[in-house]
Amino acid sequence: MTPRTPSSGSDPKNQPTPAKKAATKKEAAKKATAKKAVAKKATAAKTTTAGKTTAKKTVPKKEAAKKAPAKKAVAKKTAAKKTTAKATAAKTAAAGAVVRKAAEKTAKKATTAKKAPATKAAARPAVDGPTAPEPVSPRPVADWRPEGADLVAVAGGDRERLLAGTHHDPHSVLGAHPVPGGVAFRAFRPYALGVTVVAGELRAGLRDDGQGFFSGVLPLPEVPAYRLEVEYEGTVQDTEDAYGFLPTLGEFDLHLIGEGRHERLWQALGAHPMTHEGVTGTRFAVWAPNARGVRVAGGFNFWDGTGYPMRSLGATGVWELFVPGIGEGELYKFEITRPDGSKTLRADPLARRTEVPPATSSVVHASHHEWGDAEWMARRAQRPAHEAPFSVYELHLPSWRPGLTYRQLAEQLPAYVRDLGFTHVELMPVAEHPFGGSWGYQVTGFYAPTARLGTPDDFKFLVDALHRAGIGVLVDWVPAHFPRDEWALAEFDGRPLYEHADPLRAAHPDWGTLEFDFGRREVRNFLVANALYWCEEFHIDGLRVDAVASMLYLDYSREPGQWTPNEHGGRENLDAVAFLQEMNATVYRRAPGVVTVAEESTAWDGVTRATHHRGPSGFGGLGFGLKWNMGWMHDSLQYMSLDPIHRKFHHGEMTFSMVYAYSENYVLPISHDEVVHGKRSLVSKMPGDWWQQRANLRAYLGFMWSHPGKQLLFMGQEFAQGSEWSETRGPDWWLLDPNYGAAADHRGVLDLVRDLNTVYRATPALWTRDVHPDGFQWITGDAADDNVLAFLRYGTDGTPLLAVSHFAPVVRPDYRVGVPDDVPAWREVLNTDAARYGGSDVVHPDPLKPEPQGRHGRSASIRLTLPPLATVWLRPA
């Protein structure tokens, strides 16, 4: 026969079928009656993506659910074979002689090749071998096995463990192994009618030992390169033996996994299409140290993992199996036998692709995206984020333009964001999550972009398009907790694994989820590698880490008695501190130009301090690049929501942020959290009529963009959307439709945001000294009766920008503002009251020259006409 070539994918071209093989031998050998029937059934065979020759499948519909009918069918088939064997008893000796001659020829060829290890030949034959001489009919090797060959059958203990799914080393039993008198072959193929070993010119049927086990001894000097032909009801499968391969993971990988230091863990665990020992297939690997056994189940085995047990790779807790012929697109899960003997079917924690929710299977994936953002990647590390323009547009991808895929978003989002002048986008979590209403904050697939919008390569295409448009990409990352779904991480292998073993430490009190066990090195490794994965594999430019405060404090949302102090008697979660430090240090070391941003709502000391620098609390810094300024957000929104007549009594809420402005590197966030759940949209928070609401919003945005720190604005707020955000409908884009009567009002705010970003990026005074006290000077911070705030911003070259915010609905003519006496004239570069933004157009078209009249502790001042509810920016003329 001519050996089959291994499949290179889903293309079935040029693959010989069993029907063709039978046709070439039809005149040379007469088949037994039973084998003729098999040949007829195989005439409709087709080659599948898994490298299998498959006839028209007529597997009984209830075969997996009812094994008894299958066993009866096997019994009938076996009886038929025995009857045929008795009828041809006179030919048995001659057949055995031919088999031995074929074996001798195979042995002679083997002597010219490198000797194989005990479990597999070191080198597999070329896929297109020479045409074989006339073979004998496959015949149970029991007819010619050497003395004592009965001992090669799978023993009782191994048989029971394989059937129960609790065998830790199936490769030591199954496959091919040298024994006295030859090579023993053992296969475990539930529901199979027969198994034939094909080794070069040799074909030999294995004995049916019952319950799906087949065995036999061939008189060979060493283990040959071989394949298995497995006959099922209505189909014949031609495949490599999964239990004839050495492990695909090396000692170094296992050592790093055991230490919790495998920084590219996603390359070791999970499902990986690959070529192993010359054979194409997929390597499956999973960490499940408490499991009594693990099996792979998927579409390729009709979701019955019985015949696909994995092997345990020592004390690491890793289980591994290379399955020949399985390629991209296959669905799979891991069937885990828990310590109590019960079974659970789990999605792969390191799956790089998933089914579209609510389906939960993992998908075998290999990336084929070719990046086109080399220029962006080369220059993104030239300047640290806190010394660069950093203006962020936050959005929820599934609802920004509902119904668009990643690739369709790539056609619209980069152009929109670039037109508005934002430097970055921040994507709410894109990792796979089962419930869309969680907005992605309850993750089940930490290594897989959500399949709702396309494939992982489609998401890469979107990131690539944003980069080529000059826009950085941040993603929300959620290492604080995970949901309790029974098919995901919760008690993954039957015991607490990713979550803390202490139920009080594991249960997150606010969200009904589970917190990670940050003290377990393998769990830290899972998360640290995940952070690096998004940066390296998807070219992500920053990670905004969600819910950091809930990680840092043992008593977070817990009452006395519901938490246990740390070893020093404190409330700090020392394990979480160590994890965040390790994550930040690893990301900054491995991914130059990436920035990490903490959503941390308390006054934890040193969130953005380097990890090796200790602060007053005795802790090293957490190592983040930036931190959300939640205090500024709450205080300023509280002030802006007040009627202007009451604002003078709350003036300190707008100035207090400068008391701590340089304690961390801050981002000023107006995020999704502030425009949902009854909090109203940003413009709707403002007091007054529709004109005053928009004027307040414009003045507030002008103040925000000039305040020390970076800016973040959630989608829809850039055009004064009046309703709260909803993930089911997204922004109200119709407000910008020219046919809508009030469209000009919304377009005015949109134009302001565009101009704010344009002037901001062109004004180094607004970003080069963001984190340095010498980059800011108050002109007046105590003009509470006037509702006025005025300050100077300075760049590294000393050039100032003067910002004046007036939060009263009146015009104040000839308002004197103290200014430096070394600037000969000032020019207005932005005024939120301009008519083009929908304001009253109280502007200053001409340069303003200082007068030698002291004001605000300065020897010179300029006279301004302060517009109502407006912010004005001026630069040296």
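Conventions adopted
Residues numbered from 1 in each chain as written. Predicted model: local features only at pLDDT ≥ 70, side-chain atom pairs only at ≥ 80, totals over all residues. Heavy atoms only, no water. Helix = DSSP H or I, 4+ residues; strand = E, 2+ residues; numbered from the N terminus. Buried < 20%, exposed > 50% of the residue type's maximum accessible area, 1.4 Å probe, protein only. Areas by Shrake-Rupley, 256 points an atom, 1.4 Å probe, with all protein chains shown as cover. Pairing = 2+ DSSP bridges. Axes fitted to C-alpha atoms, helices over the stretch in contact; angles between N-to-C directions. Contact = heavy atoms within 4.5 Å. Parallel < 35°, antiparallel > 145°, perpendicular 65-115°, else oblique. Nonpolar A, V, L, I, M, F, W, Y, C, P; charged D, E, K, R; others polar. pLDDT = per-residue confidence, 0-100. Expected span 1.5 Å × (residues − 1). Polar contact = N/O pair within 3.5 Å; in protein donor to acceptor, adjacent residues only side chain to side chain. 1 Å grid on protein atoms, 1.4 Å probe; cavity = no way out; pocket = protein on both sides within 12 Å on 5 of 7 lines; lining within 4 Å. Points joined across faces, edges and corners; volume = space filled by probe spheres on them. Left-handed = near helix turned anticlockwise from the far one by under 90°. Salt bridge = Lys/Arg side-chain N within 4 Å of Asp/Glu carboxyl O. Core = buried A, V, L, I, M, F, W, Y, C linked by side-chain atoms within 4.5 Å. Phe/Tyr/Trp six-rings, centres within 6.5 Å; stacked < 30°, edge-to-face > 60°.

Undergrad: Would you explain the overall build of the protein in this entry?
TA: Counting its secondary structure elements, the protein contains 19 helices and 37 strands. Across the 877 residues that make up the protein, the buried fraction comes to 58%. Put simply, the protein shows about 34,600 Å² of open surface, and 53% of that area lies on carbon and sulfur atoms.

Undergrad: Explain the sheet that holds strand β29 (residues 666-670) here, please?
TA: Within a sheet, neighbouring strands are paired by backbone hydrogen bonds and run either parallel or antiparallel to one another. With parallel pairing, the 8 strands of this closed barrel are ordered in space as β19-β20-β23-β26-β27-β28-β29-β30. Here the average twist between neighbouring strands, direction ignored, is 25 degrees. Pairing of strand β19 (residues 391-395) with strand β20 (residues 424-427) involves 4 bridges; the strand directions are parallel. Of the residues in β20, the one forming a bridge with Leu395 is Leu427. Helix α18 (residues 690-706) rests against β19, β29 and β30 (710-714) of the sheet, and its axis sits at about 145 degrees to β30.

Undergrad: In this structure, what is going on with the pairing of strand β13 (residues 293-298)? I would like to understand it.
TA: The side chains of a regular strand alternate, first on one face of the sheet and then on the other. Within β13, 6 of the 6 residues are buried, which leaves the element mostly enclosed by the surrounding structure. Burial of the side chains of β13 extends over both faces: Gly293, Arg295 and Ala297 are buried on one face and Val294, Val296 and Gly298 on the other. As judged from the 6 bridges shared by β13 and strand β16 (residues 331-337), these two strands associate in the antiparallel manner. Bridge pairing links Val296 to Phe334 in β16.

Undergrad: Could you clarify how one ought to interpret the packing of α18 against helix α19 (residues 743-761) in this entry?
TA: Each pair of packed helices can be described by the angle between their axes along with the distance between the axes. Remark: α18 packs on α19, axes separated minimally by 11 Å, with the N-to-C direction vectors making an angle of 10 degrees. In terms of their interaxial angle, α18 and α19 are classed as roughly parallel. The residues of α19 that touch α18, namely those facing Trp690, Arg694, Leu697, Arg698, Leu701, Gly702 and Trp705, are Asp745, His746, Val749, Leu752, Val753, Leu756, Asn757 and Tyr760. The residue makeup of the contact of α18 with α19, split by class, is 9 nonpolar, 3 polar and 3 charged.

Undergrad: So what exactly am I meant to see when it comes to the confidence of the model for the protein here?
TA: Caution applies to low-pLDDT regions: their predicted coordinates should not be interpreted in detail. The share of residues in the protein with pLDDT of 70 or more is 83%, and the mean pLDDT across the chain is 87. Note on residues 1-149: pLDDT under 50 across the span, and 212 contacts to partners over four residues away in sequence or across chains.

Undergrad: Whenever I open this one, helix α14 (residues 574-590) confuses me. Can you help?
TA: Note that an α-helix has 3.6 residues per turn; residues three or four places apart therefore point the same way. The terminal C-alpha atoms of α14, which comprises 17 residues, lie 24 Å apart, in line with the 24 Å expected from a rise of 1.5 Å per residue. Within the span of α14, buried status applies to Ala576, Val577, Phe579, Leu580, Gln581, Glu582, Met583, Asn584, Thr586 and Val587. If you follow the buried residues of α14, they end up packed against β23 (472-477), α12 (521-537), β26 (542-545), α13 (548-552) and β27 (595-598). The distance from a side-chain oxygen at the start of α14 to the backbone nitrogen of Asp575 is 3.2 Å, and the residue carrying that oxygen is Asn573.

Undergrad: I tried to follow empty space enclosed by the protein on my own but got confused; where do I start?
TA: A water-sized probe rolled over the atoms picks out the places where empty space is left. Overall, the coordinates contain 10 cavities of 30 Å³ or more when judged by the stated rule. Empty space within the largest cavity amounts to approximately 170 Å³. As for the largest cavity, its lining consists of 20 residues, and the residues nearest its centre are Arg189, Thr239, Glu240, Ala242 and Tyr308. At 3 residues, strand β4 (residues 182-188) tops the list of elements feeding residues into the lining of the largest cavity. Considered as a void within the structure, the second largest cavity measures approximately 100 Å³ in volume. What lines the second largest cavity is a set of 14 residues, among which Leu265, Leu269, Trp287, Leu350 and Tyr498 lie closest to the centre. When contributions to the lining of the second largest cavity are tallied by element, the ones reaching two or more residues are β12 (279-287) and α12.

Undergrad: What is the right way to read the pairing of strand β7 (residues 207-210) from this model?
TA: Here 3 bridges tie β7 to strand β8 (residues 213-218), and the two strands are oriented antiparallel to one another. What sits directly across from Arg207, in β8, is Ser215. Hairpin connection of β7 to β8: 2 residues between the antiparallel strands, including Gln211 at a positive phi of 60 degrees.

Undergrad: Quick question: what am I supposed to make of helix α15 (residues 630-640) here?
TA: Along α15, the residues classified as buried are Met630, Trp632, Met633, Ser636, Leu637, Tyr639 and Met640. Buried residues belonging to α15 abut β28 (626-628), α16 (644-647), α17 (652-655), β29 and α18.

Undergrad: It is not clear to me how the side chain of Arg207 should be interpreted in this structure. Could you clarify?
TA: If you trace the backbone, Arg207 turns up in strand β7. Look at Arg207 and you get buried, because its relative accessible area is 18%. Among the polar contacts made by the side chain of Arg207, one reaches the side chain of Asp209 at a distance of 2.9 Å.

Undergrad: For this particular structure, what's the right way to read the sheet that holds strand β15 (residues 318-324)?
TA: The strand order across the open sheet built from 4 strands is β11-β12-β15-β14, with neighbouring strands paired in antiparallel fashion. Single-partner strands in this sheet number two, and they are β11 (270-276) and β14 (311-312). Relative to β15, β14 is paired through 2 bridges, and the arrangement is antiparallel. Residue pairing in the sheet places Ser312 in a bridge with Trp319 of β15.

Undergrad: I would appreciate a short explanation of the packing of α12 against α14 in the present structure.
TA: It is the contact of α12 with α14, at a shortest axis distance of 10 Å, that shows an interaxial angle of 30 degrees. One element, α12, and the other, α14, form an angle in the roughly parallel class. In the crossing of α12 with α14, the sense of the turn from one axis to the other is right-handed. Along the contact surface, α12 presents Arg524, Leu527, Val528, Ala531, Leu532, Cys535 and Glu536, while α14 presents Phe579, Glu582, Met583, Thr586, Val587 and Arg590. The residue inventory of the contact of α12 with α14, partitioned by class, reads 8 nonpolar, 1 polar and 4 charged.

Undergrad: Can you walk me through the pattern of salt bridges in this structure?
TA: Where charged atoms of side chains with opposite charge meet at close range, the side chains can pair. The full count for this structure, using the stated rule, is 40 salt bridges. Linking Arg452 and Glu432 is a salt bridge whose minimum nitrogen-to-oxygen distance equals 2.9 Å. With a gap of 20 residues between them, Arg452 in the loop between β22 (445-449) and α10 (456-468) and Glu432 in strand β21 (residues 431-432) connect regions that are remote in the sequence. Note on Glu432: relative accessible area 4%, which makes it buried. The salt bridge involving Asp605 is made with Arg609; its shortest N-O contact spans 3.2 Å.

Undergrad: What is the right way to look at the environment of Ala870 in this model?
TA: Structurally, Ala870 is set in strand β37 (residues 870-876). Here the alpha-carbon distance between Ala870 and Thr832, two residues 38 residues apart in the chain, equals 5.4 Å. Sequence-distant contacts of Ala870, that is, excluding residues within four places in its chain, are made with Ala699, Val804, Ser805, His806, Asn831, Thr832 and Asp833.

Undergrad: Is there a simple way to think about the nonpolar core in this case?
TA: As a rule of thumb, soluble globular proteins bury nonpolar side chains together. Judged by nonpolar contacts, the single largest core of 183 residues is most densely connected at Phe284, Leu397 and Phe459. The leading source of residues in this core is α12, at 10 residues. Ignoring sequence-local partners within four residues, the contact set of Leu397 consists of Tyr406, Leu409, Leu413, Leu427, Val430, Leu453, Phe459 and Leu462.

Undergrad: Please explain the packing of aromatic side chains as it appears in this structure.
TA: To describe a pair of aromatic rings, one takes the distance between the centres and the angle between the planes. Summed over the entire model, instances satisfying the criterion amount to 46 aromatic pairs. Centroid distance Tyr639 to Phe807: 5.7 Å. Interplanar angle 75 degrees. Geometry classified as edge-to-face. Linking Tyr639 in helix α15 with Phe807 in the loop between β33 (800-806) and β34 (812-819), this pair joins segments that are 168 residues apart in sequence. An identical accessibility class is assigned to Tyr639 and Phe807; each is buried. Aromatic side chains Phe703 and Phe791 sit 6.4 Å apart centroid to centroid with 70 degrees between the ring planes, which places their arrangement in the edge-to-face category. Linking Phe703 in helix α18 with Phe791 in strand β32 (residues 788-794), this pair joins segments that are 88 residues apart in sequence.

Undergrad: Help me out: how do you make sense of the side chain of Arg189 in this one?
TA: Along the polypeptide, Arg189 turns up in the loop between β4 and β5 (194-199). Side chain to side chain, Arg189 and Gln237 meet in a polar contact 3.2 Å long.

Undergrad: How do you make sense of the environment of Gly570 when you look at a structure like this?
TA: Mapped onto the elements of the fold, Gly570 is located in the loop between α13 and α14. Through-space distance from the C-alpha of Gly570 to that of Tyr553 is 9.2 Å; in sequence the pair is 17 residues apart. Contact partners of Gly570, with chain neighbours within four places excluded, come to Leu554, Trp563 and Pro565.

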